[in-house]
Amino acid sequence: MDGRTHTVDVNPGETVTVAGWVHEVRDLGGIAFLILRDTTGKIQIVFKEDEMDADLVGTGLGVARESVITVTGDAEEHSNAPGGVEVTPESVEVLAESDTELPLDPSGKVDADLSTRLDNRTLDLRKEEVKAIFEIRAEVLRSVREAFYDLGSTEINTPKIVATGTEGGTELFPITYFGEEAFMNQSPQLFKQLMVGSGLERVFEIGPIFRAEEHNTPRHLNEATMIDFESAFFDHTEAMDACEHVVRNAYDGVAANCQRELELLGLEDAFEVPDEAFPRLTYQEAIERINATGELDEQLVWGDDLPTEGERALGDDVGSHYFITDWPSEIKPFYIKDHDGDADLSTGFDMMHPVMELVSGGQREHRYDHLVTGFEQQGLDPDQFDYYTKMFKYGMPPHAGWGLGVERLVMTMLGLENIREAVLFPRDRQRLSP
RNA sequence: GCCCGGGUGGUGUAGUGGCCCAUCAUACGACCCUGUCACGGUCGUGACGCGGGUUCAAAUCCCGCCUCGGGCGCCA
């Protein structure tokens, strides 16, 4: 739109054209105020019955909330105007009228349930604190990419329609691919590994994953966005270093570039960039510390998965991001390498936020024979994964990597109560639309 | 997959057998109001998820269905 001025850029003394949504109309009788909102903020338009054209006043005050209008007029300083500046209109044009009854209230006077908000996400995102979450999410992704470039990695994109899953099992969405059985990919795991053996060596991908688990919790999605990293000639400790770098960079980026958004969310004081290195606890230490908290009815023993309650108890105890390393091989996937000389101890690691798991990674099994044996031990048919395993016969370097859930990163960073708040259009057990 | 708890005007809620032709806020409509900033004031419109049952009487109790949310398992 030619000559449009954003509300944030309106200066007294100028003739401006502003465009946006009718946030509110306050009609005091002889004088009335229309608050116009755009992506940068709000500005007051003042209407005076005695001094202005009746049609102009009629148009300005007759328009329903959330209609889209454009206003041209003189911007003037006024001590009583919000922000100190207001526009006296010469013309008002209604570009798009809104129905008067709104499915939710973008001015935020009345709360709406998350489900109502998600059904009307466009209106929901007119609220600046909701918009702030997605501005921050975008900054997280920008900073994460920057961190990956620092690490000398190359961004890749791998297929989301696949013939086989990553680990087999039942958690895949089946689809029909020209009459053949296919699936939505649950992880770029196998593809990114194939790329560390290519000339690229160090890669990352930010993309969707699909999981058909019928869980119903505030921390699971059936379509999520994963940040995946994989590097040749890295062991699991170097992969953890990279993970720490990326996560800290995301926090740094938000701290540096999203102060306004953090204020809108009331987090300007609570938001903290993790400053220390993330503690690295072994699995053994983790279960001992959980047991020592006394929060669990039954003591954990070697080989147990960490129950949600245990994770939370440990998170409270540690109080910051931390790694859990050296998991029992039996509860980590087949493509994670065991420690040399101890087949029961894996190089797999998880990176935890005090309230939940954010990252899962490890050094990978790069030896062809061990890999094929691993498939068989998981009850999978190695022949089905031939496209993957055969590349391990032609010089697959030792390598390590991890995957980080974007929504969980944003959720924990901002203290959101429900992961769906960190996705524009979440896909969950009961939501397929919009 | 197992388990638990909800569904009341557009939105968010109060109401646990008769006090309810249902409360409050906001929105919406009408009127009043010349500096509001969640403007204020007066009046008004508007709802018990669906189906069946119990009872003299059901928003309220029971059953089924639909739907939403949560806990566990598992995971990012």
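Computed from a prediction, not measured in an experiment: that's the story for all the values here.

The rules behind the values
Residues numbered from 1 in each chain as written. Chains lettered and ligands numbered in written order. Predicted model: local features only at pLDDT ≥ 70, side-chain atom pairs only at ≥ 80, totals over all residues. Heavy atoms only, no water. UniProt positions renumbered as here; feature names shortened; annotations may be inferred. Helix = DSSP H or I, 4+ residues; strand = E, 2+ residues; numbered from the N terminus. Buried < 20%, exposed > 50% of the residue type's maximum accessible area, 1.4 Å probe, protein only. Near = heavy atom within 4 Å. Polar contact = N/O pair within 3.5 Å; in protein donor to acceptor, adjacent residues only side chain to side chain. Nonpolar A, V, L, I, M, F, W, Y, C, P; charged D, E, K, R; others polar. Pairing = 2+ DSSP bridges. Axes fitted to C-alpha atoms, helices over the stretch in contact; angles between N-to-C directions. Contact = heavy atoms within 4.5 Å. Phe/Tyr/Trp six-rings, centres within 6.5 Å; stacked < 30°, edge-to-face > 60°. Lys NZ or Arg CZ within 6 Å of the ring centre and 35° of its normal. Parallel < 35°, antiparallel > 145°, perpendicular 65-115°, else oblique. Domains from an automatic or database assignment. Buried area = accessible area lost by both parts, 1.4 Å probe. Salt bridge = Lys/Arg side-chain N within 4 Å of Asp/Glu carboxyl O.

Attention now goes to the UniProt feature "site: Important for tRNA non-discrimination" (unreviewed entry) in chain A. Using the residue numbers shown here, the UniProt feature "site: Important for tRNA non-discrimination" (unreviewed entry) corresponds to Pro 82. Looking at where Pro 82 falls in the secondary structure, it is placed in the loop between β4 (68-77) and β5 (85-96). Overall, the relative accessible area of 48% leaves Pro 82 in the partly exposed class.

RNA strand B sits among 52 residues. The nearest are Glu 24, Arg 26, Asp 50, Asn 80 and Glu 214. Counting only atoms of RNA strand B within 4 Å of the protein, the sugar-phosphate share comes to 58%. Interatomic distance of 3.2 Å between a side-chain N/O atom of Arg 65 and a sugar or linking oxygen of RNA strand B. Within the side chain of Glu 214, a nitrogen or oxygen atom sits 2.2 Å from a phosphate oxygen of RNA strand B. Residue assignment for the surface near RNA strand B shows that the elements contributing at least two residues are β1 (15-27), β2 (31-38), β3 (41-48), α2 (114-119), β11 (223-232), α9 (308-318) and β17 (356-363). Looking at the surface near RNA strand B, the element that brings in the most residues is β17, giving 4 residues. In the surface near RNA strand B, the residues fall into 16 nonpolar, 16 polar and 20 charged.

Here we take up the sheet that holds β4. Strand order in the closed barrel formed by 5 strands is β1-β2-β3-β5-β4, with mixed pairing between adjacent strands. Adjacent strand axes in the sheet meet at a mean angle of 50°, parallel and antiparallel pairs treated alike. Sheet topology note: the β1/β4 ladder contains 7 bridges and is antiparallel. The residue of β4 that forms the bridge with Val 18 is Val 71.

Moving on to the environment of Leu 200. Assignment of secondary structure puts Leu 200 in the loop between α5 (189-196) and β10 (202-210). Under the relative-accessibility criterion, Leu 200 is labelled partly exposed at 35%. For Leu 200 and Asp 340, which are 140 residues apart along the polypeptide, the C-alpha to C-alpha distance reads 27 Å. Leu 200 has contacts with Thr 154, Ile 156 and Met 195, leaving out every residue within four places of it along the chain.

Before going further, it helps to examine the sheet that holds strand β7 (residues 161-162). Pairing is antiparallel across the open sheet formed by 3 strands, whose spatial order is β7-β9-β8. The sheet is open, and its two edges are formed by β7 and β8 (174-177), each paired on a single side. Pairing of β8 with strand β9 (residues 180-184) involves 4 bridges; the strand directions are antiparallel. Directly across from Pro 174, in β9, lies its bridge partner Phe 183.

This part covers the packing of aromatic side chains. Scanning the model with the defined rule gives 18 aromatic pairs in all. Plain terms: the ring middles of Tyr 251 and Phe 271 are 5.5 Å apart, the flat faces sit at 25° to each other, and that makes the pair stacked. Taken together, the positions of Tyr 251 in helix α6 (residues 236-257) and Phe 271 in the loop between α7 (259-264) and β12 (280-282) put the pair 20 residues apart, joining distant regions of the chain. Assigned by exposure class, Tyr 251 and Phe 271 land together as buried. Between the aromatic rings of Phe 334 and Phe 375, the centroid separation amounts to 4.2 Å while the plane-to-plane angle is 45°, which identifies the pairing as tilted. With Phe 334 in the loop between β13 (322-325) and β14 (338-339) and Phe 375 in helix α10 (residues 368-377), this residue pair connects regions lying 41 residues apart in the sequence. Above the plane of the ring of Phe 323 lies Arg 280, whose end atom (NZ or CZ) is 5.1 Å from the centre. Directly above the ring of Trp 327 sits Lys 332, whose terminal nitrogen or CZ lies 4.7 Å from the centroid.

Okay, the packing of helix α8 (residues 283-293) against α9 next. In contact at an axis separation of 9 Å, α8 and α9 are set at 90° when each is read in the N-to-C sense. Compared by their axis directions, α8 and α9 come out roughly perpendicular. Contacts between α8 and α9 pair Ala 286, Arg 289, Ile 290 and Thr 293 from the former with Gly 310, Ala 313, Leu 314, Asp 317 and Val 318 from the latter.

Moving on, we get to the domain arrangement of chain A. What the domain assignment reports for chain A is domain 1 (7-96) and domain 2 (122-279 + 320-422). If you average the C-alpha positions of domain 1 and of domain 2, the two centres end up 48 Å apart. Each partner contributes residues to the interface: domain 1 has 6 residues there, and domain 2 has 4 residues. Of the roughly 390 Å² buried between domain 1 and domain 2, counting both surfaces, carbon and sulfur atoms make up 27%. Per-residue buried area on domain 1 facing domain 2 is highest for Arg 37, Thr 39 and Glu 66; these three make up 61% of the total on that side. Across the domain 1-domain 2 interface, the total number found is 1 salt bridge.

In this section: the pattern of salt bridges. Summed over all chains, the structure comprises 28 salt bridges. Where Asp 124 meets Arg 121, a salt bridge forms, and the shortest distance between an N and an O atom there is 2.6 Å. Of this pair, Asp 124 and Arg 121 are both found in helix α3 (residues 121-124), 3 residues apart, which corresponds to roughly one turn of the helix. Neither residue differs from the other here; Asp 124 and Arg 121 are each classed as buried.

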